Amino acid sequence: MTGTTDPTDPAPTAERRKTARVRWAAGAAVALALLFAGAAAVASAREDVPAPRATGAPAADSADAGFARDMAVHHQQAVEMSFIVRDRTEDEDVRRLAYDIANTQANQRGMLLGWLDLWGLPKVAGGDDPPMAWMGSGGGHQGHQHGGQHTDGDADGVLMAGMASRAELERLARLDGEQAEVFYLQLMTDHHKGGVAMAEACASRCTVPVEQRLARGMVEGQQSELGLMRDMLTERKARPRP
């Protein structure tokens, strides 16, 4: 009968199997291409990164190691704040910014921790090494300042310049809508300013070329986001904190 298919006819089944094989082969080719591209990227990065310490990797107290450890911690809080605000607002612009920051800084954090692994160095500084000490006399922990008030940051979870305190993170998690948007933008502005200062220090002090390039990229990217956040605050009749 015209227009119908004989269920006993093997042709349709064979055709479906052929199509499935073609699709599987195409998918496998794409997966292999991505795998080789990723392997090439890793190999390229490793050309610039010294192998384990025995063959000349940075020392544990070097600017390279200090920046990798400290910026990994700094980035982790930016990711945390971005996930908090994502659930506190429906504004697409803020949610998009938060997603971009979380995605970028999570990836960069993975690179920094991966380099410490390659160098055979601890991911946590020793008890006698305060955060940001690798930056020299201008670095080190100097507390948490806003509006001229200086507090003991260590007592409230503030380890490095620009980081939010535990109380500020808790407040962000309680706010909704535009209030959450404004406070997030203010906190992230402070956070980026601290991050830019650290990245600039690495760009001038670090010795591993790929890490210096990453630091310079952080400076450019975060300075661009600082301008965007300033505009977003202005749209909400607010401004960065003094």
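Here the residue index of a chain counts from 1 through its sequence in written order. Under the rules for a predicted model, residues below a pLDDT of 70 receive no local features and side-chain atom pairs below 80 are neither given nor counted, while totals for whole chains, interfaces and linings still include all residues. Only heavy atoms go into the side-chain values, all of them from the structure, while hydrogens and water stay out.

*Asks:* So what's going on with the confidence of the model for the protein chain? Residues and values would help.
*Replies:* In the predicted model, the protein chain carries a mean pLDDT of 79, and 68% of its residues have values of at least 70. The predictor reports its confidence for every residue as pLDDT, a score running from 0 up to 100. Any pair of residues with heavy atoms lying within 4.5 Å of one another is described as a contacting pair. Across residues 140-153 the pLDDT falls below 50, and counting only partners more than four positions away or on other chains, this stretch makes 30 contacts in the model.

*Asks:* Could you give me a rundown of the state of the cysteines, with the residues and numbers involved?
*Replies:* When two cysteine sulfur atoms are found within 2.5 Å, that pair is recorded as a disulfide. By the definition in use, this model includes one disulfide. Through a disulfide, Cys202 is tied to Cys206; the S-S separation comes to 2.3 Å. Around the S-S axis, the bridge from Cys202 to Cys206 shows a dihedral of about -120° and counts as left-handed. A simple rule labels every residue: compare its accessible area, found with a 1.4 Å probe on the protein chains alone, to the largest value its type can have, and call it buried under 20%, exposed over 50%, or partly exposed in between. Assessed through its relative accessible area of 0%, Cys202 is described here as buried.

*Asks:* Can you break down the packing of aromatic side chains residue by residue, with the values?
*Replies:* Aromatic ring pairs are defined here through the distance separating the ring centres and the angle between the ring planes. Between 30 and 60 degrees the pair is tilted, below 30 it is stacked and above 60 it is edge-to-face, where a pair is any two Phe, Tyr or Trp rings, Trp via its six-membered ring, whose centres lie within 6.5 Å. All told, the structure shown has two aromatic pairs when counted by the stated rule. Centroid distance Phe67 to Trp134: 5.8 Å. Interplanar angle 80°. Geometry classified as edge-to-face. Taken together, the positions of Phe67 in helix α2 (residues 63-86) and Trp134 in the loop between α3 (92-119) and β1 (144-146) put the pair 67 residues apart, joining distant regions of the chain. A relative accessible area of 11% places Trp134 in the buried class. The side chain of Arg171 reaches across the aromatic face of Phe183, ending 4.1 Å from its centre. Here a strand is any run of E in DSSP of at least two residues, a helix any run of H or I of at least four, and the numbering for each starts at the N terminus. Whether a charge sits over a ring comes down to the Lys NZ or Arg CZ being within 6 Å of the ring centre and within 35 degrees of the ring normal.

*Asks:* Could you give an account of helix α6 (residues 209-235), with specific residues and numbers?
*Replies:* The span one expects for a helix is its residue count, reduced by one, times 1.5 Å. Spanning 27 residues, α6 covers 40 Å between terminal C-alpha atoms, matching the ideal 39 Å at 1.5 Å per step. Lys237 sits one or two positions beyond α6 and adopts a positive phi of about 55°.

*Asks:* Describe unusual backbone geometry, with residues and values.
*Replies:* Note on backbone geometry: most residues besides glycine have negative phi, and most peptide bonds are trans. Even without a glycine there, the phi angle at Met132 is positive, about 70°. Structurally, the position occupied by Met132 is in the loop between α3 and β1. Overall, the relative accessible area of 4% leaves Met132 in the buried class. Positioned with a positive phi, Lys237 is a non-glycine residue whose angle comes to about 55°. Of note, Lys237 is situated in the segment after α6.

*Asks:* Let's hear about the side chain of Glu211: which residues, and what values?
*Replies:* Inspection of the secondary structure assignment puts Glu211 in helix α6. Positive charges come from Lys and Arg, negative ones from Asp and Glu, while His and the chain ends are left out of the count. By definition, a salt bridge exists where a carboxyl oxygen of Asp or Glu is found within 4 Å of a side-chain nitrogen of Lys or Arg. Arg69 provides the closest opposite charge to the buried, unpaired Glu211, separated from it by 9.6 Å. Not counting residues up to four positions away in its chain, the partners in contact with Glu211 are Asp64, Phe67, Ala68, Leu112, Trp115, Trp119, Cys202 and Cys206.

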